[in-house]
Amino acid sequence: MSEQFEPNIVAFLCNWCSYAGADLAGTSRVSYPANLKVIRVMCSGRVNPLFVVNALQQGADGVLVSGCHPGDCHYMEGYYYARRRLGLLKELLSFVGVDPRRFQMSWVSASEGQKWKEVVEKTVADVRAAGSFEGFRRRRINW
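Reading the values: rules and limits
Residues numbered from 1 in each chain as written. Predicted model: local features only at pLDDT ≥ 70, side-chain atom pairs only at ≥ 80, totals over all residues. Heavy atoms only, no water. Helix = DSSP H or I, 4+ residues; strand = E, 2+ residues; numbered from the N terminus. Rg over C-alpha atoms; globule rule 2.2 N^0.38 Å. Buried < 20%, exposed > 50% of the residue type's maximum accessible area, 1.4 Å probe, protein only. Contact = heavy atoms within 4.5 Å. Pairing = 2+ DSSP bridges. Axes fitted to C-alpha atoms, helices over the stretch in contact; angles between N-to-C directions. Polar contact = N/O pair within 3.5 Å; in protein donor to acceptor, adjacent residues only side chain to side chain. Salt bridge = Lys/Arg side-chain N within 4 Å of Asp/Glu carboxyl O. Core = buried A, V, L, I, M, F, W, Y, C linked by side-chain atoms within 4.5 Å. Right-handed = clockwise from strand over helix to strand, strands pointing away.

Enquirer: What am I meant to see in the overall build of the chain here?
Expert: Assigned secondary structure in the chain consists of five helices and four strands. In sequence order, the secondary structure elements of the chain are arranged as β-α-β-α-β-α-β-α-α. Its C-alpha radius of gyration of 15 Å places the chain within 12% of the 15 Å reference for a compact globule of 143 residues. In terms of principal-axis extent, the alpha carbons of the chain reach across some 40 × 40 × 20 Å. Per-residue burial for the chain yields a buried fraction of 43% across its 143 residues. Long-range contacts, defined here as pairs at least 24 residues apart, represent 82% of the contacts in the chain between residues at least 6 apart.

Put into structure tokens, the structure is as follows:
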């Protein structure tokens, strides 16, 4: 009897769009995997790349950052800051040997409960395929 690995994923969600989209999925009774631990942030642009690294070092198998669609940011430019910073982080994580499937970014609006479900399912499937993430936690990296 082999049990399927269930990943532990930390999700940083924009208050105005992605968090509201996740809430819509919940109130609409759309079922999706419960592997995410949600951290609500005011804007995806406020997610410091070190938050992602710290989540991975502290036990997360994967991290998802989700915010507003381009042009729909409540704070006008937050999406652009997030895309730039976190895109570079994804390259850096890959450079130091972290499987790129462990870090995902998505853009989900408040009215996209079904899209939220698809994003969560894809993220969980990708992180599950990457396997457990013990190696990175043993290799202490001081940033």
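Alright, that's what it looks like, and here's the rest.
Enquirer: Explain the sheet that holds strand 3 (residues 62-67) to me, please; I cannot follow it from the model alone.
Expert: Hydrogen bonds along the backbone pair up the strands of a sheet, which may run parallel or antiparallel. Strand order in the open sheet formed by four strands is 2-1-3-4, with parallel pairing between adjacent strands. The sheet is open, and its two borders are formed by strand 2 (36-41) and strand 4 (103-107), each paired with just one other strand. For this sheet, the mean angle separating the axes of adjacent strands, direction not counted, is 20 degrees. Against the sheet, helix 3 (residues 78-95) engages strand 3 and strand 4, with an angle of about 160 degrees to strand 4.

Enquirer: Just checking my understanding: could you explain helix 2 (residues 49-57) for this structure?
Expert: Every buried residue of helix 2 is accounted for by Val 52, Val 53, Ala 55, Leu 56 and Gln 57. N-cap assignment for helix 2: the residue whose side-chain oxygen lies 2.8 Å from the backbone N of Leu 50 is Asn 48. Within two residues after helix 2, Gly 59 carries a phi angle of roughly 130 degrees, on the positive side.

Enquirer: What is the right way to look at the pattern of salt bridges in this model?
Expert: Side chains bearing opposite charge may pair, as long as their charged atoms lie close to each other. The full count for this structure, using the stated rule, is four salt bridges. The salt bridge partner of Arg 128 is Glu 6, with a shortest N-O separation of 3.0 Å. Of this pair, Arg 128 sits in helix 4 (residues 113-130) while Glu 6 sits in the segment before strand 1 (9-14), and the two are 122 residues apart along the sequence. Its relative accessible area of 24% is what places Arg 128 among the partly exposed residues. Given a relative accessible area of 43%, Glu 6 falls into the partly exposed group. The partner of Lys 117 in a salt bridge is Glu 121, and the shortest N-O contact between them spans 3.8 Å. Here the residue Lys 117 and the residue Glu 121 both occupy positions in helix 4, the gap between them amounting to four residues, near one helical turn.

Enquirer: I'm lost on the nonpolar core in this one. Help?
Expert: Within soluble globular proteins, side chains that are nonpolar generally end up buried alongside one another. Counting residues in each nonpolar core, the largest one holds 25 residues, and the members touching the most others are Val 52, Val 63, Val 65, Leu 93 and Phe 103. Breaking this core down by element, the ones donating at least two residues are strand 1, helix 2, strand 3, helix 3 and strand 4. No other element matches the five residues that helix 3 contributes to this core. In contact with Val 65, other than residues within four places in its own chain, are Phe 12, Ser 44, Val 47, Val 52, Leu 86, Phe 103, Gln 104, Met 105 and Ser 106. Counting 13 residues, the second largest nonpolar core, distinct from the first, contains Ile 9, Leu 13, Val 119 and Val 124.

Enquirer: Hey, could you run me through the environment of Gln 114 in this one?
Expert: Considering the arrangement of structural elements, one finds Gln 114 in helix 4. Once the C-alpha coordinates of Gln 114 and Gln 58 are considered, the two residues, 56 residues apart in sequence, prove to be 30 Å apart.

Enquirer: Any chance you could explain the pairing of strand 4 here in plain terms?
Expert: Among the five residues of strand 4, four are classified as buried, and the element is accordingly described as predominantly covered. Note that the unit made of strand 3, helix 3 and strand 4 has a crossover that is right-handed.

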